[in-house]
Amino acid sequence: MVYLNGNFIPKDKAYIPVMDRGFLFGDGIYEVFPVYDNTVIGLEPHLNRLQDGLDAINIENPHSKDEWINLINKVVTLNNKNSSQAIYLQISRGCDENRKHTYGKLKPTIYIQSSGIEPKDKRDLIKGKSAITREDIRWLKSNTKATSLLANTLYAQEAKDNDSEEAILYRDGIVTEASSSNVFIVKDNCLYTHPKGPNILPGVTRKIAIQCAENLGIMVKEEKFTKEELMQADEVWISSSTREILPITSIDGMSISDGYAGPVWSLVYDQYQKLKS
Ligand code: PDD
């Protein structure tokens, strides 16, 4: 079951008009909330980021935080309450009479759906995943969680076509993030990730991973690092709401360190898992 504009309906009965600007222009904002055993991880920062995104593209937030929480909880309940779910929430600017670039005040289209999150076994993650690198040619508002994701989807597909988990992006030699996740490196027991700003999405999992590391007494620096430093790192990880924190052990066909997930990842991963219980 999904939520569309006030109704809870089966997904195959959920339609939007072709004049929706989400369809015509990718004119909308979205969020993905990870839910484990009926508990949303990072609920508050996800809702705050939703507000920031709406502000950034001048859409008035159609709901209060409490109203959003009720809608999310309802979708969770309708889709097997106790399972692990990724709740996808999208707000597009709405429908106009004709297709034109400019817009007036429209009634936003609101859509919420649930999909399963595959359970992960830490023993399978130790081997790590592979990634490719690509030049980051995205717009300079990558901190806005906009539904117009063509560059990201093309990068993700290139990664898939290369049997890789992710495409790690760099701009002017600096690693920004990946096609649908944030990137971390560990060097000499210090954790580095690109600082917040227009070049990266301020990931909620990134924020939680930083908190987990700091709670463990690990030094964290939100500082830029180069593609060379990425390749020479002791550990590389990616983070996202659906992937959690995943080790990357091979990039562009080259092993990272000894080619296995590292000890810092292991500690932070375990700390993150505790949030689920
Ligand atoms: N993607 N960077 C990009 C470009 C992303 O698309 C995502 C998440 C992240 C990580 O953000 P968070 O930790 O808040 O999930 C970073 C989601 C999961 C998606 O597009 O489906």
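Residues numbered from 1 in each chain as written. Predicted model: local features only at pLDDT ≥ 70, side-chain atom pairs only at ≥ 80, totals over all residues. Heavy atoms only, no water.

Per an unreviewed UniProt entry, the protein carries the name Aminodeoxychorismate lyase and comes from Candidatus Pseudothioglobus singularis PS1. Database annotation for the protein, UniProt heading Function (unreviewed entry): "Involved in the biosynthesis of p-aminobenzoate (PABA), a precursor of tetrahydrofolate. Converts 4-amino-4-deoxychorismate into 4-aminobenzoate (PABA) and pyruvate." Under the Pathway (unreviewed entry) heading, UniProt states for the protein: "Cofactor biosynthesis; tetrahydrofolate biosynthesis; 4-aminobenzoate from chorismate: step 2/2." (UniProt positions renumbered as here; feature names shortened; annotations may be inferred.)

Trainee: Pulling in residues and values, what's your account of the nonpolar core?
Mentor: Grouped together as the largest cluster of nonpolar side chains are 44 residues, with contacts concentrated most on Ile168, Val183, Leu230, Val236, Trp237 and Ile251. Considering each element in turn, this core owes the most residues, six residues, to helix H6 (residues 204–215). Once you skip the residues sitting within four places of it in the chain, leucine 230 turns out to touch Thr133, Ile168, Val175, Val183, Ile185, Phe225, Val236, Ile251 and Ile256. Counting residues in hydrophobic clusters, the runner-up holds 20 residues, among them Ile57, Val75, Leu89 and Ile112. (Core = buried A, V, L, I, M, F, W, Y, C linked by side-chain atoms within 4.5 Å. Buried < 20%, exposed > 50% of the residue type's maximum accessible area, 1.4 Å probe, protein only. Helix = DSSP H or I, 4+ residues; strand = E, 2+ residues; numbered from the N terminus. Contact = heavy atoms within 4.5 Å.)

Trainee: Talk me through the site of the ligand; I want residue IDs and the actual numbers.
Mentor: With respect to spatial proximity, 20 residues lie near the ligand, and among them Tyr30, Glu177, Val204, Thr205 and Ser241 are the closest. One nitrogen or oxygen atom from the side chain of lysine 145 is found 3.4 Å from a nitrogen atom belonging to the ligand. In the environment of the ligand, an oxygen atom lies 2.7 Å from a nitrogen or oxygen atom belonging to the side chain of serine 241. Computed on the free molecule, the ligand has an accessible area of 480 Å², of which 89% lies beneath the protein chains in the complex. (Near = heavy atom within 4 Å. Polar contact = N/O pair within 3.5 Å; in protein donor to acceptor, adjacent residues only side chain to side chain. Areas by Shrake-Rupley, 256 points an atom, 1.4 Å probe, with all protein chains shown as cover.)

Trainee: Before we move on, could you go through empty space enclosed by the protein and cite the residues and values that matter?
Mentor: Going through the model one piece at a time under the given rule, you end up with one cavity of 30 Å³ or more. Within this model, the largest cavity holds a volume of roughly 40 Å³. Taken together, Asp234, Glu235, Val236, Pro247, Ile248, Thr249, Ile256, Tyr260, Ala261 and Gly262 make up the full set of residues lining the largest cavity. When residues of the lining of the largest cavity are traced back to their parent elements, those giving at least two are strand S13 (235–240) and strand S14 (244–251). The element best represented in the lining of the largest cavity is S14, accounting for three residues. Residue composition of the lining of the largest cavity, grouped by class: six nonpolar, two polar and two charged. (1 Å grid on protein atoms, 1.4 Å probe; cavity = no way out; pocket = protein on both sides within 12 Å on 5 of 7 lines; lining within 4 Å. Points joined across faces, edges and corners; volume = space filled by probe spheres on them. Nonpolar A, V, L, I, M, F, W, Y, C, P; charged D, E, K, R; others polar.)

Trainee: Quick rundown of the pairing of strand S3 (residues 28–36)? Include the residues and the values.
Mentor: Here S3 lies mainly inside the structure; nine of its nine residues are buried. Residue alternation in S3 divides its side chains into two sets, Gly28, Tyr30, Val32, Pro34 and Tyr36 and Ile29, Glu31, Phe33 and Val35, and both sets are buried. Inspection of the sheet shows S3 paired to strand S5 (residues 85–92) by eight bridges, in the antiparallel sense. Bridging from a neighbouring strand, tyrosine 30 pairs with glutamine 90 of S5. The pairing of S3 with strand S4 (residues 39–40) spans two bridges and is classified as antiparallel. Residue tyrosine 36 lies in a different strand from S4, and its bridge partner there is threonine 39. Between S3 and the antiparallel strand that follows it, S4, lie two residues; aspartate 37 among them carries a positive phi value of about 45°. (Pairing = 2+ DSSP bridges.)

Trainee: Would you mind going over the side chain of aspartate 20 in detail, with residue names and values included?
Mentor: Looking at where aspartate 20 falls in the secondary structure, it is placed in the loop between strand S2 (7–9) and helix H1 (21–25). Buried within the structure, aspartate 20 lacks any salt-bridge partner; its nearest side chain of opposite charge belongs to arginine 21, at an N-O separation of 7.7 Å. Only 2.6 Å separates the side chain of aspartate 20 from the side chain of serine 92, close enough to count as a polar contact. Those residues in contact with aspartate 20, other than ones at most four positions away along the chain, are Ser92, Gly94, Cys95 and Thr109. (Lys, Arg positive; Asp, Glu negative; His and termini not counted. Salt bridge = Lys/Arg side-chain N within 4 Å of Asp/Glu carboxyl O.)

Trainee: Before we move on, can you summarise the pattern of salt bridges with the specific residues and values?
Mentor: As enumerated under the stated definition, the model contains 18 salt bridges in all. Put simply, glutamate 158 and arginine 134 hold a salt bridge, and the shortest N to O gap is 2.7 Å. Taken together, the residues glutamate 158 in helix H5 (residues 150–161) and arginine 134 in strand S7 (residues 129–135) connect sequence positions 24 residues apart. Judged by its relative accessible area of 24%, arginine 134 falls in the partly exposed class. Glutamate 244 is the salt-bridge partner of lysine 276, the closest N and O atoms lying 2.6 Å from each other. Highlighted residues: lysine 276 in the segment after helix H8 (263–274) and glutamate 244 in strand S14, separated in sequence by 32 residues. The network of salt bridges with common partners includes Asp136, Arg138, Arg171 and Glu177.

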